[in-house]
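Listed below are the residues making up each chain.
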Amino acid sequence: MTLSVQFLGATGTVTGSRYLLTNNNKRVLIDCGMFQGLKDLRLRNWTPFPVDPKTLDAILITHAHLDHSGYLPRLVKHGFAGRIIATEATCALLKILLPDAAYLQEEDAEFLNKHNLSKHQPALPLYTIDDANHTLQLMHPVGWDNWQKQDPFEFRFLPISHLLGASFIEMKVGGKKIVFSGDVGRNQDPILPERYHSEKADYIVVESTYGDRAHPDEDVQEELSDVIRKTIDRGGTVLIPSFAVGRSQALIYLINQLKQQNRIPDVPVYLDSPMAIEATKTHLKFADELKMPKEKLEEALKDVTYASTPGQSQQIDSNKKSKIVISSSGMLVGGRILHHLKVMGPDPKNSIILVGFQAAGTRGELLMQGKRELKVHGQLVAINAEVFPIHNLSGHADYHGILEWLSHFQTAPKKVFVTHGEPTAAAGMCEKIKTKFGWDVVVPKYLDKVEL
Ligand SMILES: [Zn+2]
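One structure accompanies this document, and this report is about it. Values in this document were obtained by computation on a predicted structure and should not be read as measured data. Per chain, residue numbering runs from 1 following the sequence as it is written. At least 70 in pLDDT is required for a residue's local features to be given in this predicted model, at least 80 for side-chain atom pairs to be given and counted, and no such filter applies to totals for whole chains, interfaces and linings, which use all residues. Processing note: side-chain calculations cover all non-hydrogen atoms of the structure and skip hydrogens and water entirely.

1. Quick word on the overall build of the protein
Right, so step 1: Secondary structure elements follow DSSP: runs of H or I no shorter than four residues count as helices, runs of E no shorter than two count as strands, and numbering proceeds from the N terminus. Check the secondary structure of the protein and you find 14 helices and 22 strands.
Right, so step 2: Taking 452 residues into account, the globule formula puts the C-alpha radius of gyration at 22 Å, and the protein, at 22 Å, falls close to it.
Right, so step 3: Principal axes of the C-alpha set define a box for the protein whose edges measure 70 × 55 × 40 Å.
Right, so step 4: Expressed as a percentage of its 452 residues, the buried residues of the protein come to 58%. The quantity called the radius of gyration is restricted to C-alpha atoms. Its globule counterpart is 2.2 Å times the number of residues to the power 0.38. Buried means the residue's accessible area, taken with a 1.4 Å probe over protein chains only, is under 20% of the maximum for its type, while exposed means over 50%, and partly exposed covers the values in between.

This is how it looks when you write it as structure tokens:
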């Protein structure tokens, strides 16, 4: 009887989460993320998968973010035909996210071919919309807290307060229990209820996005209302790059609350992202999994102007009145936010609020570091708008939060694997776990395989 875990991603990076669990000749993959960010990482999406995808019995997805799910269509393209198991809300969000990711892949390849920019002739997409649609046919939604079986593996999904549908996974196999944290959310999320925890495990795989950082002790509503008020008082517009799924809906809700409490003026709020608009519908559909009553969410959503078409998006910029614009992508790597950035970035009356984690190599990270000139669509854009990071709107717990989540384990696990962090964050989390609990902790390297 041999049992092993192999780390096929999220090592030294926050992207590409993929953990291969093997028991004798049976295999399940926990998460199936795409590598994003720096070029060296993105190239890994193109290297052959370490095992034949046909030999995987099932894939379990902790949550819908592409760094945990975006590689699924590639594996399906290469022969994976088993079940893809996730919570119902995760499956619903993947119906939006995967075809969109495929569309972007196809569009990129087309662009490279048209302008002869690739050394590959022709440049190919990582996967196509057809591959994404085949992937969706393999989705197998399951309920919360309900033990599932894929012989010899038994597992259940429990809420982790990171995103609608997001879970951590408890896995039992070969008499051992392994807990995969997925992405650990914050207990004070504006729209998600508190996370669950686990009390016993032989092995824990835990994330470390903020493993070396503590979120400042700031009141999100206070910070948000200060920036919005200040900007509108001077006749400016507030631009918020936001992840389309999850953060955008939380922001809409928070802004509506501030308006109702008369803490900010009643200026128009625009949601400029077709995907965010779709994701908003999914949030309404699964409103019973959110913290606030459905009516409150509906009320907040009615106060928003939705820009579905490119024409509606351009109209937002041509109107010079003060407003709040929420658009994606959240790290300013692409999407409609870049058009708004070009128009609004140079004006010192405006403000840009950064609300999520900004990965290495992204424009969001450059802004966070104080860079005030960004290259957008081949041209340099001066950023004179004020830039405000609000850390407590992140979907990730800081290291205090992760230690709190771990503190519920009643006995020491045999080993803890720290993943899903840039190298210094993972090392920081590792030290903090050792110091606080005295457990055996390691930071695995890419492709490390460990017998359990
Ligand atoms: Zn995530």
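2. Side note on the coordination of the zinc ion
Right, so step 1: Taken together, the protein donors to the zinc ion comprise His63 (NE2), His65 (ND1), His162 (NE2) and Asp183 (OD), at separations of 2.2 to 2.3 Å.
Right, so step 2: Coordination at the zinc ion comes from four donor atoms whose angles at the metal span 88 to 172°, giving a geometry best classed as irregular.
Right, so step 3: Distances decide who is a donor: an N, O or S atom must be within 2.8 Å of the metal, or within 3.2 Å for Na, K and Ca. Water is not included, so sites may look incomplete. If you list the donors of the zinc ion from N- to C-terminus, the spacing comes out as H-x1-H-x96-H-x20-D. With histidine 65 in the loop between strand S4 (58-60) and helix H2 (66-69) and histidine 162 in the loop between strand S8 (153-159) and strand S9 (167-173), this pair connects stretches of sequence that are 97 residues apart. In these descriptions, tetrahedral denotes four donors with every angle between 85 and 135 degrees, square planar four donors and octahedral six donors with opposite donors over 155 degrees apart and the rest between 65 and 115, and irregular any other case.

3. Here's the deal with the packing of helix H8 (residues 274-285) against helix H9 (residues 294-302)
Right, so step 1: Whenever a helix is involved, its axis is fitted only over the stretch in contact; in every case the axis is a line through C-alpha atoms, and angles between N-to-C directions fall within 0 to 180 degrees. Two numbers describe how H8 lies on H9: the axes approach to 10 Å, and their chain directions differ by 160°. Relative to H9, H8 is oriented roughly antiparallel. Handedness of the H8/H9 crossing: left-handed. Residue-level contacts link Thr280, His283 and Leu284 of H8 to Lys294, Leu297, Glu298 and Leu301 of H9. Orientation labels follow simple angle bins: below 35 degrees gives roughly parallel, above 145 gives roughly antiparallel, 65 to 115 gives roughly perpendicular, and whatever is left gives oblique. Handedness of a crossing is defined here by the sense of rotation of the near helix relative to the far one, left-handed for an anticlockwise turn of less than a right angle and right-handed for a clockwise turn. The criterion used for residue contact is that any of the two residues' heavy atoms lie within 4.5 Å.

4. Let's talk about unusual backbone geometry
Right, so step 1: A cis amide bond, omega 5°, links aspartate 151 with the succeeding residue proline 152.
Right, so step 2: Position of proline 152 among the secondary structure elements: in the loop between strand S7 (148-150) and S8.
Right, so step 3: Here the bond from serine 328 into serine 329 is cis, since omega is 20°, no more than 30 degrees from zero.
Right, so step 4: As for its placement among the helices and strands, serine 329 is situated in the loop between strand S15 (324-327) and helix H11 (337-344).
Right, so step 5: For aspartate 145, which is not a glycine, the phi torsion comes out positive at approximately 55°.
Right, so step 6: Here aspartate 145 shows up in the loop between strand S6 (139-142) and S7.
Right, so step 7: In this structure aspartate 145 comes out as partly exposed when scored by relative accessible area, which is 41%.
Right, so step 8: Phi is positive for leucine 447, close to 75°, though the residue is something other than glycine.
Right, so step 9: Of note, leucine 447 is situated in the loop between strand S21 (441-442) and strand S22 (449-451).

5. Some points on the layout of surface pockets
Right, so step 1: Buried and open spaces are told apart on a 1 Å grid over the protein atoms alone, a cavity being a set of points where a 1.4 Å probe fits but cannot get out and a pocket being an open set with protein on both sides within 12 Å along at least five of seven lines. Residues with an atom within 4 Å of a point are the lining residues. Grid points are joined across faces, edges and corners, and a volume is the space filled by probe spheres set on the points. The volume enclosed by the second largest pocket comes to roughly 280 Å³.
Right, so step 2: Taken together, 19 residues form the lining of the second largest pocket, with Arg213, Phe357, Gln358, Glu365 and Met368 sitting closest to its centre.
Right, so step 3: Of all the secondary-structure elements, those providing two or more residues to the lining of the second largest pocket are helix H12 (363-368) and helix H14 (423-437).
Right, so step 4: Note that Gly is not counted as nonpolar here; it falls among the polar residues with everything else outside the nonpolar set of Ala, Val, Leu, Ile, Met, Phe, Trp, Tyr, Cys and Pro and the charged set of Asp, Glu, Lys and Arg. For the lining of the second largest pocket, a count of residues per class yields nine nonpolar, six polar and four charged.
Right, so step 5: A domain split of the lining of the second largest pocket shows at least three residues from each of domain 1 (3-213 + 395-451) and domain 2 (220-393). Each domain's extent was defined by an automatic or database domain assignment.

6. Some details on the packing of aromatic side chains
Right, so step 1: Under the pairing criterion, centres of Phe, Tyr and Trp rings, with the six-membered ring standing for Trp, must be within 6.5 Å; the plane angle then separates stacked pairs below 30 degrees from edge-to-face pairs above 60, leaving the rest tilted. Overall, the coordinates contain 10 aromatic pairs when judged by the stated rule.
Right, so step 2: Here the aromatic rings of phenylalanine 7 and phenylalanine 417 are separated by 5.1 Å at their centres, their planes lie at 50°, and the arrangement is tilted. With a gap of 410 residues between them, phenylalanine 7 in strand S1 (residues 3-7) and phenylalanine 417 in strand S20 (residues 415-419) connect regions that are remote in the sequence.
Right, so step 3: Look at phenylalanine 417 and you get buried, because its relative accessible area is 2%.
Right, so step 4: For the ring pair phenylalanine 35 and tyrosine 446, a centre distance of 6.1 Å and an interplane angle of 90° mean the geometry is edge-to-face. Of this pair, phenylalanine 35 sits in the loop between strand S3 (26-30) and helix H1 (39-43) while tyrosine 446 sits in the loop between S21 and S22, placing them 411 residues apart in sequence.
Right, so step 5: Geometrically, a charge over a ring is one whose NZ (Lys) or CZ (Arg) sits within 6 Å of the ring centre while staying within 35 degrees of the ring normal. Lying over the aromatic face of tryptophan 147, lysine 172 brings its terminal NZ or CZ to 4.3 Å of the ring centre.
Right, so step 6: Above the face of the tyrosine 399 ring, lysine 432 is positioned so that its terminal group lies 4.4 Å from the ring centre.

7. Here's the deal with the sheet that holds S6
Right, so step 1: Pairing between two strands requires that DSSP report at least two bridges joining them. A sheet is described by the order of its strands in space; here seven strands give the open sequence S6-S5-S4-S3-S2-S1-S22, paired in mixed fashion. Among the strands making up the open sheet, the edge pair consists of S6 and S22. The sheet shows a mean angle of 25° between the axes of neighbouring strands, direction not considered.
Right, so step 2: Sheet strands in contact with helix H4 (residues 88-114) are strand S5 (83-87) and S6, and its direction is about 115° off that of S5.

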